[in-house]
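Residue-level structural notes
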Amino acid sequence: MKRIGVLTGGGDCPGLNAVIRAVVRTSVGRYRSTVVGFRDGWRGLLEDRRTKLDDLDKIDRILTRGGTILGTARVNPDKLRAGLDRIKQTLDDNGVDVLIPIGGEGTLTAASWLSESGVPVVGVPKTIDNDIDCTDVTFGFDTALAIATDAIDRLHTTAESHQRVMLVEVMGRHAGWIALHAGLASGAHLTLIPEVPFDVDEVCAMIKKRFQRGDAHFIVVVAEGAAPDPRSMTLAEGGVDEFGHKIFTGVSQQLGREIEKRIGKEVRVTVLGHVQRGGTPTPFDRVLATRYGVHAAEAAHNGGEGNMVALHGTKIELVPLSEATKQLKRVPSERYEEARAFFG
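Throughout this document, residue positions are counted from 1 along each chain, in the order its sequence is written. Totals for whole chains, interfaces and linings use all residues, but because this is a predicted model, local features are given only for residues with pLDDT of at least 70 and pairs of side-chain atoms are given and counted only at 80 or more. Just so you know, side-chain values use all the structure's heavy atoms and leave hydrogens and water out.

Observations concerning the pattern of salt bridges
What counts, and what does not: Take a side-chain nitrogen of Lys or Arg and a carboxyl oxygen of Asp or Glu: if they are within 4 Å of each other, that pair is a salt bridge. Residue burial is assigned from relative accessible area. The probe radius is 1.4 Å, only protein chains are included, and a residue is buried under 20% of its type maximum, exposed over 50%, and partly exposed in between.
Per the counting criterion, the structure on display carries 19 salt bridges. Arg49 is the salt-bridge partner of Glu47, the closest N and O atoms lying 2.9 Å from each other. Judged by its relative accessible area of 26%, Arg49 is partly exposed. Between Arg268 and Glu266 there is a salt bridge whose closest N-O contact spans 2.7 Å.

A look at the sheet that holds strand β11 (residues 315–320)
Each strand in a sheet pairs with its neighbour through backbone hydrogen bonds, running either in the same direction (parallel) or in the opposite one (antiparallel). For clarity, the threshold we go by: For two strands to pair, DSSP has to find at least two bridges joining them. Think of it this way: any DSSP run of H or I at least four residues long counts as a helix, any run of E at least two long counts as a strand, and we number them from the N terminus. Helix axes use the C-alpha atoms of the stretch in contact, all axes being lines fitted to C-alpha atoms, and the angles between their N-to-C directions lie in the range 0 to 180 degrees. Two residues qualify as a contact provided that any one of their heavy atoms is within 4.5 Å of a heavy atom in the partner residue.
Read from one edge of the open sheet, seven strands run β3-β2-β1-β4-β5-β10-β11, paired in mixed fashion. Two strands close off the open sheet at either side, each with one partner strand: β3 (50–52) and β11. In this sheet, neighbouring strand axes are inclined to one another by 30° on average, regardless of whether the strands run parallel or antiparallel. Two strands pair when backbone bridges link them, and strand β4 (residues 98–103) and strand β5 (residues 122–125) are joined in this way by two bridges, in the parallel orientation. The partner of Ile102 across the bridge, within β5, is Val124. Set on the sheet, helix α6 (residues 105–116) makes contact with β1 (3–8), β4, β5 and β10 (307–312); between it and β4 the angle comes to about 160°.

What about the domain arrangement of the chain?
Convention followed: Note: domain ranges come from an automatic or database domain assignment. A 1.4 Å probe defines the accessible area here, and the buried area is the portion of it lost by two parts on being joined, summed over both.
When cut into domains, the chain gives domain 1 (3–140 + 281–325) and domain 2 (143–277). Once you take the C-alpha centre of each, domain 1 and domain 2 turn out to be 33 Å apart. On the domain 2 side, the residues contacting the 16 residues of domain 1 number 14 residues. Roughly 1,200 Å² of surface becomes buried between domain 1 and domain 2 when both sides are summed, with 54% attributable to carbon and sulfur atoms.

And the structure:
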């Protein structure tokens, strides 16, 4: 028997509750352990705000819910590093034997810091951007992709009816996985991702060519972190926020104005934003999140501390947190080259 701690950090994501449910059911049902949840991510550990997760009937009902019953919040990395001793004290005060943080790059990096300082930790990768390294897929990605694809499918018909160019901005700050997959799945005519700077003149030439051959509309999927080659267009600078993240200034809106100015075509911009995070997770994400939770709980009870659960093929395996947080998983050039066959 052990006492397991759970927290959800960073942005909310479909499937978080499925992980929590699986951790609780596995810990209680297989090991007769207890589980305590910390509210609002790392902030809950810094402020010792916790809740018992022992009502199995209530826990069972959260599988299909979006968001997270524990709440989430972002904490400045410097504040988090400075508060590591406080976090360790909170864990000791609550008798936590192993902590299971569920989160993306920032959350797992903090988990790696804790692990290096001697705290037993098992990480669970979460991000709709699918940019955590050392795992094939993160839960939340499939749901975000389904939402984005459905929206683009709908925009095809209105764009064609009005003979318009439509830019659809999807999430993806540093990695273009959502844009790449949504563009392919929806039959978009061009996809712009953070990994490959775009040339505005080339974009305009592609749009003109399509309309000249008699097609009635043009759909561009744009990742929020996509950026132009500086020689082709200047993108407004937004600086950084209090967490050290780059502030994006709306690449789609700025690109739309450039297209209208250069070729005189009417452009409409749709920014999907946080709608991609919301709502119930897809069946794929429910299953993946559940499997992650089961294996994280198993690792916490069987000496798997210092690792992150990861999907490799069809198997859930453990990888060191230190390896998983070395770099982001970005779209490789060969994957983007596959998509180029459908541009224009």
